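Chain by chain, the residues run as shown.
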Amino acid sequence: MRSLRLIMVIFAVLFAAVILSFSLGAVYVIEEGRQVVITQFGKPVGEPVTSTGLHFKQPLIQEAHYFEKRLLDWDGDPNQIPTKDKKYIWVDTTARWKIVDALKFLQSVGNEMSAQGRLDDIINSATRDIITSHLLAEAVRDSNRILETRAEGEDMIVTDEALERIEVGRKLLESAILEKAKVLAPQYGIEILDVRIKRVNYVEDVRNKVYDRMIAERKRAAEKYRSEGQGKSAEIEGQVAKELKAITSEAYRAAQVITGKADAEAINIYAAAYSQNPEFYSLMKTLETYQSTIDGKSTVILTTDSDYYKYIKSLD
């Protein structure tokens, strides 16, 4: 019984000590993804603490300053920037950054809100320097392709080149902005990991020119496809005409051969038939001549000794 009471007393004392430590600020807790810098009378003491769990400090005279170890977002306001070809555009950028030196971060900017203001200056300045040294098309496009299609069920890709070619492109501009911004960030204990151009908007007069250029590019692409289609159509029509002529010639030749054989066979049959009775052949030919030369309106004068008259005379 006494042992149980002793244990309860010890537990109560420890609990009271912990509560007192928390109330006096002698204990602080670091959560996952956080880091702490301890200051004494406003001056940093020791190195930043990064391990999670319970930690102790001198109460009342020391203070714990918490900072993120994880990636942080920066989202700037759109800025109107002139390009190298003197065209004004609105550029909206975003970035990812983190605190890599909490002690320097505390001494230089103090907190994340102030750091956001410094990043405004650093990234906006870098963005302005890079954009103003490149053409408008470089900030808008990543490649010289304006149209890419894949035929259904095939691996063929048709690509059209833009009228205004670029040498750098938007992705490389973002990399250049990042490299320029990373130079100034370490003095604040900050590392900028990524910068992206989130959106590019045109001012009114530039927008109309961009639309005109887009229309011209699409018309050029359409004209290219139209001319290629017409060329292919002419090629197909020529091939069809060639094949049709070959088929027609072959058919005509075969028909002439068949007709010639039929005429020859008919002549042979007629010759065989007429050779058996020459008088009948002479009669038939004469009758055919009568039919082709004499009609109901014709008047024919013949002598009685004419060969042409002898078959008519025999009818009397």
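Going by the structure above, here's the rest.
Along every chain, residues carry numbers that run from 1 in the direction the sequence is written. In keeping with the predicted nature of the model, local features appear solely for residues at pLDDT of at least 70, side-chain atom pairs appear and are counted solely at 80 or more, and the whole-chain, interface and lining totals rest on all residues. Note that the side-chain values use all heavy atoms of the structure and ignore hydrogens as well as water.

Q: Got a minute to help me understand the nonpolar core in this structure?
A: Soluble globular proteins: nonpolar side chains tend toward being buried together. Membership of the largest hydrophobic core comes to 36 residues, with the highest contact counts inside it found for Ile-89, Trp-97, Phe-105, Ile-123, Ile-190 and Ile-192. Listing elements by their share of this core, those giving two or more residues are strand E6 (72–75), strand E8 (88–99), helix H2 (102–108), helix H3 (112–132), helix H4 (136–140), helix H5 (170–184) and strand E11 (190–202). Any two residues whose heavy atoms approach within 4.5 Å are treated as being in contact. Ile-190 has contacts with Trp-97, Lys-98, Val-100, Phe-105, Ala-115, Leu-119 and Ala-185, leaving out every residue within four places of it along the chain. We call a set of buried Ala, Val, Leu, Ile, Met, Phe, Trp, Tyr and Cys residues a nonpolar core when their side-chain atoms join them within 4.5 Å. Three labels apply to residues, based on accessible area from a 1.4 Å probe with only protein chains included: buried if under 20% of the type maximum, exposed if over 50%, partly exposed otherwise in between. Put simply, DSSP H or I for four residues or longer makes a helix, DSSP E for two residues or longer makes a strand, and each gets a number counted from the N terminus.

Q: For this particular structure, what's the right way to read the side chain of His-55?
A: Within the fold, His-55 resides in strand E4 (residues 53–56). From its side chain, His-55 meets the backbone oxygen of Ser-51 in a polar contact 2.8 Å long. In this structure, His-55 is in contact with Ala-26, Val-27, Tyr-28, Ile-30 and Val-49, ignoring residues within four places of it in sequence. Whenever a nitrogen or oxygen atom comes within 3.5 Å of another N or O atom, the pair is scored as a polar contact, on the condition that within protein one atom can donate a hydrogen and the other can accept it, and that pairs from neighbouring residues in sequence are kept only if both atoms are in side chains.

Q: Help me out: how do you make sense of the packing of aromatic side chains in this one?
A: Geometry of an aromatic ring pair is reported as the spacing of the ring centres plus the angle between the planes. For Phe, Tyr and Trp, where Trp contributes only its six-membered ring, two rings pair if their centres lie within 6.5 Å, and the inter-plane angle classes them as stacked under 30 degrees, edge-to-face over 60, or tilted in between. Scanning all chains against the criterion turns up two aromatic pairs. The interplanar angle of 80 degrees and the centroid separation of 5.3 Å between the aromatic rings of Phe-67 and Phe-105 together place this pair among those described as edge-to-face. Note that Phe-67 is positioned in strand E5 (residues 62–68) and Phe-105 in helix H2, a separation of 38 residues in sequence. Comparing Phe-67 with Phe-105, the two get one shared label, buried. When the centroid spacing of 6.4 Å and the interplanar angle of 25 degrees are considered together, the rings of Trp-97 and Phe-105 count as stacked. Looking at Phe-105, the relative accessible area reads 0%, which means it is buried. These aromatic residues form a ring-pair network of at least three members: Phe-67, Trp-97 and Phe-105.

Q: Just to check I follow, could you spell out H3 for this structure?
A: Residues spaced three or four apart along an α-helix point in a common direction, a consequence of the helix completing one turn every 3.6 residues. Over its 21 residues, H3 runs 30 Å from end to end, which matches the ideal 30 Å to within 8%, given 1.5 Å per residue. Every buried residue of H3 is listed here: Ala-115, Leu-119, Ile-122, Ile-123, Asn-124, Ala-126, Thr-127, Ile-130 and Ile-131. With a side-chain oxygen positioned 3.2 Å from the backbone nitrogen of Met-113, the residue opening H3 is Asn-111. Given the number of residues in a helix, its expected span is that number minus one, multiplied by 1.5 Å.

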